[in-house]
Amino acid sequence: MTDRRDELVRLRPWEDLVVVSHGRIVLATDRDGFFDGGPNRGLFVHQTRLLSRHRVSIDGKAPKPVALCNVTQGSWTGYYVLLPPGADPGEKDEGSGHMDAASENTLELLLTRVVSGVLREDVALTNFSQQATAFELSIELDADFADQGETIDGRRQHGEIDRRWREVEGVWELGFQYRSENRSENRSREGLAWINRGVRIRVAESDSPPSCGEGGLSFRVELPPLGTWRARLEIVPEIVDVVGGVGHEVSERQERFLAASARFSTPERETLAPVVIGALEQARLDLASLRLGDLDDGDDSWTLGAGLPLYVALYGRDALSASWQAAVLGPEMMDGSLRTLARLQGQEVNDWRDEQPGRMLHEAHTGPLAALGFNPRGRYYGSITTSGFYPVLVSELWHWTGDRDRVRPFVRPALDALRWLERFSDRDGDGFYDYQTRSSQGVLHQGWKDSPDAIVDEDGAQVSPPIATCEEQAFIYVAKLHLSETLWWLDEKEEARRLFHEAGELKKRFNEAFWMAEEGFFAMGLDAAGRPIRSIGSNPGHCLAAGIVDSSLAERTARRLLADDLWSGWGVRTLSARHPAFNPYSYHRGSVWPVENASFALGFLRYGLKAELETICRGMFEAARLFDFHRLPEAFSGHARDAEHPFPALYPQANSPQAWSASAVFCMVQSLLGLYPYAPLKMLLVDPHLPPWLPEITVTGLRVGQARVSLRFFRKGEASTYEILDQQGTLHVLRQPSPWSLTASFAERMKDALASLLPGK
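Residues numbered from 1 in each chain as written. Predicted model: local features only at pLDDT ≥ 70, side-chain atom pairs only at ≥ 80, totals over all residues. Heavy atoms only, no water.

Caption draft 1: The arrangement of the overall build of the protein chain in detail. Helix and strand counts for the protein chain come out as 18 helices and 32 strands. Its C-alpha atoms give the protein chain a radius of gyration of 28 Å, near enough to 27 Å, the size a compact globule of 761 residues would have. Its C-alpha atoms give the protein chain principal-axis dimensions of roughly 90 × 65 × 55 Å. By the burial criterion, 63% of the 761 residues in the protein chain qualify as buried. Excluding contacts between residues fewer than 6 apart, the proportion of contacts in the protein chain whose partners are at least 24 apart in sequence is 65%. (Helix = DSSP H or I, 4+ residues; strand = E, 2+ residues; numbered from the N terminus. Rg over C-alpha atoms; globule rule 2.2 N^0.38 Å. Buried < 20%, exposed > 50% of the residue type's maximum accessible area, 1.4 Å probe, protein only. Contact = heavy atoms within 4.5 Å.)

In structure tokens, the structure reads:
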């Protein structure tokens, strides 16, 4: 049995915000279902606020919301009531019920919204009273075409908006059209930038004709007792300047992915298992809902936005990380992310964009400020992580599919990314990879922690780049190691030998330069002078995940990660609670991030640290139990889990759903099950270690190469085992740690065999 003293706790990020979304289209309203120009409120398409106002009134009065909720991520329903205009409110109730007059004589407004390629809004008014009523229904509408950032920071005056009503084939439309252009010296080869975006509001159906005015539209409604009046609005975005426009209608494609992806189930009810299953299923749906349909490359190759409501854009490292952590669902996200990022790989030296040949994209925004060149984020390359992690995902796709033709197109981009690192990121030639922006509007910190105040020294002072953070060395190490194995299979053996050798040398240098013996931990990074940044934070956990940590140092590193100052009880904090710069609400100086905790779980598995693996997974899933839909947000506060803090607070701007928080739950479960695919040999390795709080779980429809398999994992006494429930195609399922684990004799034999083939013999 789990402790249910927290059974009333339900945490919801953005408590005052409701979000309905489908790919690039995001409708963000106040809790009452409407909006009027507030920060992050409106109908956004390609990060442009097409509608800035949408309010409904009846004879000038706002209806009272009584039940409002998403039905799915792309749909929403709201119930509202008020006293029917002209109705007698009756005598004031003095009895024990204290009944509201609007509940006894009710005019109900039912709003239903569905987002696909358009926003469809159905309006139904029902007179649940015994008196006829008549009134004017008003729908206020306006548009400002602000960039999403401008809704927070203040409207930049650029471009012109044309507003007009027109009748098209008997259907009334309110059209807003926005045009703007900019010629900036910073834009290099792009020259003149322009955007042309609009939105049309069509009265597709209505039981009475609309009256149209500058502020919106209105209807005269007359209702007998129990009578109903209906109308349908279709709000149609027009994005002329973006290739692909709003994007393909991907609802059917999403359903096909969800039907093909692996599923999880459990018969358990009294343990934490139902929370695990709930979190996995919600995460599966959330990842599909974040699909950026305009970037699809067919049904089976797609990438995703980073999160709602702020990050409906392509972020390179987010897409790679989420695709990697959620690879158990299938290869589609990996394929699409690799394909899209290869297409956008750096081609020239453009300091404003922090672009160099071979460098992988950090972010690509489509809002007005980026599209017009007021900032470089239409294509911005200021991250070291994307280039280091791209080769890791190439090898992961190889492990899951074993498909040479599918993987081969990504090898050159991966090698070019590594060459960029060697040429541009090792500035002082010390063999470590650092970062420093060249852009006047560039990102200061370009490692995993990229907020402006993320990297601090042990006294709390800001550290200025160039900085070589420990986790970036780890990502590059595992990129070279895993890509070398993939290249060997693809008959590029000379390149494979070189990368394998370089990975080994980097590991040696790293453990010598970054290890702080007195702390039993690795330095956060090396500063511009090559001195260790001695702050204690979460960064070394990624080093465990990547396997760059010498096995003799792994247990001490893991223990330090789970010491009280880093371990909150829910997860590992980004910065020690004893650090002078600690702030539990800070983005990277004390908060807890599910995405990195999931990677740490994989690291604990890699080094055979089963107790630590169980601890971190349990903390994360117990946190998931507290959130609506068991949906882990982008980040939450690093308060200690104690009597004074029975649940964590939220990072104020936390996105939810967010791609790499959704993917985190799959990575944790994969670690607990010890799942490791090796499709080139038609093999699936399993090494389950189920804790008492997850005594049984079934994986259905797991795809490895051309095979599909369903497996039941369960505890048997104190041990964990499995059985094959169904299998289609040839697949050898073996109980064995992965060949990249550092714990098994089989792993050592595999590594020795690989080494004998690779290092120039």
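Caption draft 2: Focus on the pattern of salt bridges. Overall, the coordinates contain 57 salt bridges when judged by the stated rule. Of the charged contacts in the structure, one is a salt bridge between Arg41 and Asp30, with a shortest N-O distance of 2.9 Å. One end of the pair, Arg41, is in the loop between strand 3 (35–36) and strand 4 (42–45); the other, Asp30, is in strand 2 (residues 25–30), and 11 residues separate them in sequence. Between Asp296 and Arg253 there is a salt bridge, and its shortest N-O distance comes to 2.9 Å. You can see Asp296 sitting in the loop between helix 4 (273–289) and strand 20 (314–315) and its partner Arg253 sitting in helix 3 (residues 251–260), a full 43 residues away along the chain. Take Asp296 and Arg253: they sit in the same class, and that class is buried. Within this structure, Asp416, Arg419, Glu422, Lys480, Glu495, Arg498 and Glu502 form a network of salt bridges that share partners. (Salt bridge = Lys/Arg side-chain N within 4 Å of Asp/Glu carboxyl O.)

Caption draft 3: Examining the packing of helix 3 against helix 4 more closely. Contact geometry for helix 3 and helix 4: axes closest at 10 Å, N-to-C directions at 145°. Of the two possible hands of crossing, helix 3 and helix 4 adopt the one that is right-handed. Of the residues in helix 4, those touching helix 3 at Gln254, Phe257 and Leu258 are Arg284, Leu285, Ala288 and Ser289. Considered class by class, the residues forming the contact of helix 3 with helix 4 number four nonpolar, two polar and one charged. (Axes fitted to C-alpha atoms, helices over the stretch in contact; angles between N-to-C directions. Left-handed = near helix turned anticlockwise from the far one by under 90°. Nonpolar A, V, L, I, M, F, W, Y, C, P; charged D, E, K, R; others polar.)

Caption draft 4: Local environment of the sheet that holds strand 6 (residues 53–58). Spatial ordering of the open sheet is given by 3-6-11-17-16, a layout of five strands whose pairing is antiparallel. The open sheet has two free edges, formed respectively by strand 3 and strand 16 (210–213), since each of these has just one partner strand. Pairing analysis gives four bridges linking strand 16 to strand 17 (residues 216–223), with the strands arranged antiparallel. Residue Cys212 lies in a different strand from strand 17, and its bridge partner there is Leu217. (Pairing = 2+ DSSP bridges.)

Caption draft 5: Structural view of the packing of helix 5 (residues 316–325) against helix 8 (residues 385–401). Close contact between helix 5 and helix 8 brings their axes to 9 Å; oriented N to C, the two are set at 25°. By the angle between their directions, the pair helix 5 and helix 8 is classed as roughly parallel. The way helix 5 lies across helix 8 gives a crossing that is left-handed. Judged by residue contacts, Gly316, Arg317, Leu320, Ser321, Ser323 and Trp324 of helix 5 engage Thr385, Thr386, Phe389, Tyr390, Leu393 and Glu396 from helix 8. (Parallel < 35°, antiparallel > 145°, perpendicular 65-115°, else oblique.)

Caption draft 6: Just the environment of Gly316, in detail. Note that Gly316 resides in helix 5. For Gly316, a relative accessible area of 0% puts it in the buried group. When the C-alpha atoms of Gly316 and Phe389 are compared, they prove to be 9.5 Å apart, with 73 residues separating the residues in sequence. Ignoring sequence-local partners within four residues, the contact set of Gly316 consists of Leu341, Leu361, His362 and Thr386.

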